[in-house]
Amino acid sequence: QLQLVESGGGMVQPGGSLRLSCAASEFIANYYHIAWFRQAPGKERKGVSCISFRDGSTRYADSVKGRFTISRDNAKNTVYLQMNNLIPEDTGAYYCAASRSSCADPNFGPWGQGTQVTVSS
């Protein structure tokens, strides 16, 4: 399984932007799907976005459509999540994880340390 490390979180005011990085320890084969999840305090972890390494197709949760963009850099074995126009509801711990099957896989994992995003005035 891939080793994934998240980075790029921080504190930002509403309307601000952050770019999260998900760095893999090795080449990300084209059968993988890499997804970003987030977990708000007291809430369950939920999917935010996902990208296929087979064809580059992407998916977004309704709550982030038009504001977040997921992308990949194959040469760097890295997935990014560009987050614009952030709102307080985006606050949470953000994780990336891999699936060998699809973006709808209920068994993404394993979970690392994550990176904290706090949107507050």
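Quick look at the structure, then. All of these numbers come straight from a predicted model, not from anything done at the bench.

### With respect to unusual backbone geometry
Then, number 1: Of note, the amide linkage connecting Gly109 to Pro110 takes the cis form, showing an omega dihedral of -5 degrees.
Then, number 2: Looking at the secondary structure, you find Pro110 in the loop between strand 9 (92-99) and strand 10 (115-119).
Then, number 3: In this structure, Asn77 takes a positive phi of about 50 degrees despite not being glycine.
Then, number 4: With respect to the helices and strands, Asn77 occurs in the loop between strand 7 (68-73) and strand 8 (78-83).

### Section: the nonpolar core
Then, number 1: Within the largest apolar cluster, 27 residues are counted, with the highest numbers of intra-cluster contacts made by Ile34, Trp36, Phe68, Val79, Leu81, Met83 and Tyr94.
Then, number 2: Looking at this core, the elements that each hand over two or more residues are strand 3 (18-24), strand 4 (33-39), strand 5 (46-52), strand 7, strand 8, strand 9 and strand 10.
Then, number 3: In this structure Phe68 touches Arg38, Val48, Tyr60, Leu81, Gln82, Met83, Asn84, Leu86, Asp90 and Tyr94, once residues within four positions along its chain are discounted.

### Examining the pairing of strand 8
Then, number 1: Burial runs high along strand 8: five of the six residues are buried.
Then, number 2: Looking at chain direction, strand 3 and strand 8 are connected through six bridges and run antiparallel. Within the sheet, the bridge partner assigned to Arg19 lies in strand 8 and is Gln82.
Then, number 3: Once strand 7 ends, the chain turns through four residues before running back antiparallel as strand 8, passing Asn77 with a positive phi of about 50 degrees.

### As for the sheet that holds strand 5
Then, number 1: Spatially, six strands are ordered 2-10-9-4-5-6 in an open sheet, and the strand pairing comes out mixed. Because the sheet does not close on itself, it has two edges, and the strands there are strand 2 (10-12) and strand 6 (58-60). Within the sheet, the average angular offset between the axes of one strand and its neighbour, ignoring direction, is 20 degrees.
Then, number 2: Relative to strand 5, strand 4 runs antiparallel, the two sharing six bridges. Residue pairing for strand 5: Phe37 is matched across the bridge by Gly47.

Procedures and definitions
Throughout, residues of each chain are indexed from 1 in the direction in which the sequence is written. Since the coordinates come from a predicted model, pLDDT governs what is reported: local features require at least 70, and pairs of side-chain atoms require 80 or more to be given and counted, while whole-chain, interface and lining totals use all residues. Here the side-chain values reflect all heavy atoms present in the structure, with hydrogen atoms and water set aside. Segments assigned H or I by DSSP are reported as helices when at least four residues long, segments assigned E as strands when at least two residues long, and all are numbered from the N terminus. We call a set of buried Ala, Val, Leu, Ile, Met, Phe, Trp, Tyr and Cys residues a nonpolar core when their side-chain atoms join them within 4.5 Å. Categorising residues by exposure relies on relative accessible area from a 1.4 Å probe, with only protein chains included: less than 20% of the type maximum marks a residue as buried, more than 50% marks it as exposed, and the intermediate range marks it as partly exposed. Only heavy atoms matter for contacts: two residues are in contact if any of them lie within 4.5 Å across the pair. Whether two strands pair comes down to DSSP finding at least two bridges between them. For helices, the fitted axis covers only the stretch in contact; all axes are lines through C-alpha atoms, and the angles between them, taken along N-to-C directions, range from 0 to 180 degrees.

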